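These are the residues of each chain, in order.
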Amino acid sequence: MESAQKTVFISGGTSGIGLAAAEILLERGWTVAVSGRSAERGKAALDYLNVGSRAVYMSGDVGNDEDCRRMIGETVRQFGRLDGLVTSAGYYEECLLEYTDDEQVRKMFAVNVYGTISLCRYALPYLKKTCGSIVTVSSDAGLQGNVACSVYGATKGAVVAFTKSLALEAAPHQVRVNCVCPGDVETPLLEKQLQGDPSLTIESMKEQYPLYRLAKPQEVGKAIAFLLSDDASFITAAALPVDGGLTSW
């Protein structure tokens, strides 16, 4: 068990990877603030976690800098400290570059890149006080190219580069910064992707993976929990693939 005094803020924490990470960290004694844009999904997440006042929901859009500042501040006011940050809110859309419009590019960068940067910027002063830890969420697309994902890959590659650079800035303060790079994960985001492309199936996606299966959200959540924990005390500036061997083909 981790100390019950430790607090983590998880963006995109109402579903998928973020919710799985929240559940695992709560089991290990943390207090958790999860954020999202839907109050209905936030309530459903808290009902699912079912831990009373040890988990709270923060409503906000990570693409909005003021929302990021407010949510981090509210978390500290609620729990008195901040020991961890997980930036799992993300936006995904497949599109060939020549058919991509300005709004798609803007939204992708606003959520995936600017949201990550804003949350880290506002969390860092508090994390310095606790020698805390940050885990950003990139993607296999941040490590290698994917078809019809040039803009998405650019945002996730930016997250990897940002993570490594911020880790060097934060190291003198004993704040560790790492990222996880998942492949396909069985989340609501994947379900939406499958609905949008009838030719795409779970079976056809499995064929791309050496382990011949997709990840469960809990498998990525456990990697996040490990990187936040004292067990990873000498790991910083790492981009950890959680991809069933996908990026090693």
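Starting from 1, residues in each chain are numbered consecutively following that chain's sequence as written. Totals for whole chains, interfaces and linings use every residue, but because this is a predicted model, local features are given only for residues with pLDDT of at least 70 and side-chain atom pairs only at 80 or more, for both listing and counting. To obtain the side-chain values, all non-hydrogen atoms of the structure were used and water was disregarded.

1. Details of the overall build of the chain
Across its full length, the chain carries 8 helices and 7 strands. Radius of gyration means the value over C-alpha atoms here, while the globule rule gives 2.2 Å times the residue count to the 0.38 power. Relative to the 2.2 N^0.38 estimate, which gives 18 Å for 249 residues, the radius of gyration of the chain is 17 Å and therefore close to what a compact globule would have. If one aligns the C-alpha atoms of the chain with their principal axes, the spans along those axes are about 50 × 40 × 35 Å. Accessibility here uses a 1.4 Å probe with only protein chains present; expressed as a share of the type maximum, an area under 20% marks a residue as buried, one over 50% as exposed, and anything in between as partly exposed. A buried classification covers 50% of the 249 residues belonging to the chain. Strands here are runs of E lasting at least two residues and helices are runs of H or I lasting at least four, both read from the DSSP assignment and numbered beginning at the N terminus.

2. Looking at the state of the cysteines
The term disulfide is used for any two cysteine sulfur atoms that are within 2.5 Å. On inspection of all chains with the given rule, the structure shows 0 disulfides. Unpaired in terms of disulfides, Cys68 finds its nearest cysteine sulfur in Cys120, a separation of 9.6 Å. Take Cys149: it sits in no disulfide, and the sulfur closest to it among the cysteines is that of Cys95, at 9.9 Å. With relative accessibility at 5%, the residue Cys149 sits in the buried group.

3. Considerations on the side chain of Gln104
Counting through the fold element by element, Gln104 comes out in helix 4 (residues 102-130). Should any heavy atoms of two residues lie within 4.5 Å, those residues are counted as being in contact. Among all residues touching Gln104, those that are not within four sequence positions of it are Tyr91, Glu93, Cys95 and Tyr99.

4. Side note on the UniProt feature "domain: Ketoreductase" (unreviewed entry) in the chain
UniProt positions are given in the numbering used here, feature names are shortened, and annotations may be inferred rather than shown by experiment. The positions that UniProt labels "domain: Ketoreductase" (unreviewed entry) are, in the present scheme, residues 6-186. The annotated region residues 6-186 carries 49% helix and 18% strand content, and the separation between its end C-alpha atoms amounts to 29 Å.

5. Quick look at the sheet that holds strand 3 (residues 55-59)
Two strands are said to pair when DSSP picks up at least two bridges between them. Spatially, 7 strands are ordered 3-2-1-4-5-6-7 in an open sheet, and the strand pairing comes out parallel. With one partner strand each, in any of the chains shown, strand 3 and strand 7 (239-242) form the two edges of the open sheet. Geometrically, the sheet is characterised by an average inter-axis angle of 20° between neighbouring strands, direction not taken into account. Two strands pair when backbone bridges link them, and strand 1 (residues 7-11) and strand 2 (residues 31-36) are joined in this way by 4 bridges, in the parallel orientation. The convention used is that axes are lines fitted to C-alpha atoms, helices contributing only their stretch in contact, and that angles between N-to-C directions extend from 0 to 180 degrees.

6. Observations concerning the pairing of strand 3
Among the 5 residues that make up strand 3, 4 are buried, leaving the element largely enclosed by the rest of the structure. Where strand 2 lies against strand 3, 5 bridges are found, and the strand directions are parallel. What sits directly across from Ala33, in strand 3, is Val56. Here is how to tell: hold the view so the strands point away, follow the path from the first strand over the helix to the second, and if it runs clockwise the crossover is right-handed. Assessed by its sense of winding, the connection that carries the chain from strand 2 through helix 2 (residues 39-49) to strand 3 is right-handed.

7. What about the pairing of strand 1?
Within strand 1, 5 of the 5 residues are buried, which leaves the element mostly enclosed by the surrounding structure. The alternating pattern of strand 1 places Thr7, Phe9 and Ser11 and Val8 and Ile10 on opposite faces, both of which are buried. Crossover strand 1 to strand 2 through helix 1 (residues 16-27) is right-handed. Pairing of strand 1 with strand 4 (residues 84-87) involves 4 bridges; the strand directions are parallel. Within strand 4, the residue paired with Ile10 across the bridge is Val86.

8. Brief notes about the nonpolar core
Counting 32 residues, the largest nonpolar core has Phe9, Leu85 and Ile134 as the members making the most contacts within it. At the level of secondary structure, the elements contributing two or more residues to this core comprise strand 3, helix 3 (65-79), helix 4 and helix 5 (150-170). One finds Leu25, Trp30, Ala223 and Leu228 within the second-largest nonpolar core, a separate group that totals 30 residues. Put simply, buried Ala, Val, Leu, Ile, Met, Phe, Trp, Tyr and Cys residues joined by side-chain atoms within 4.5 Å make one nonpolar core.

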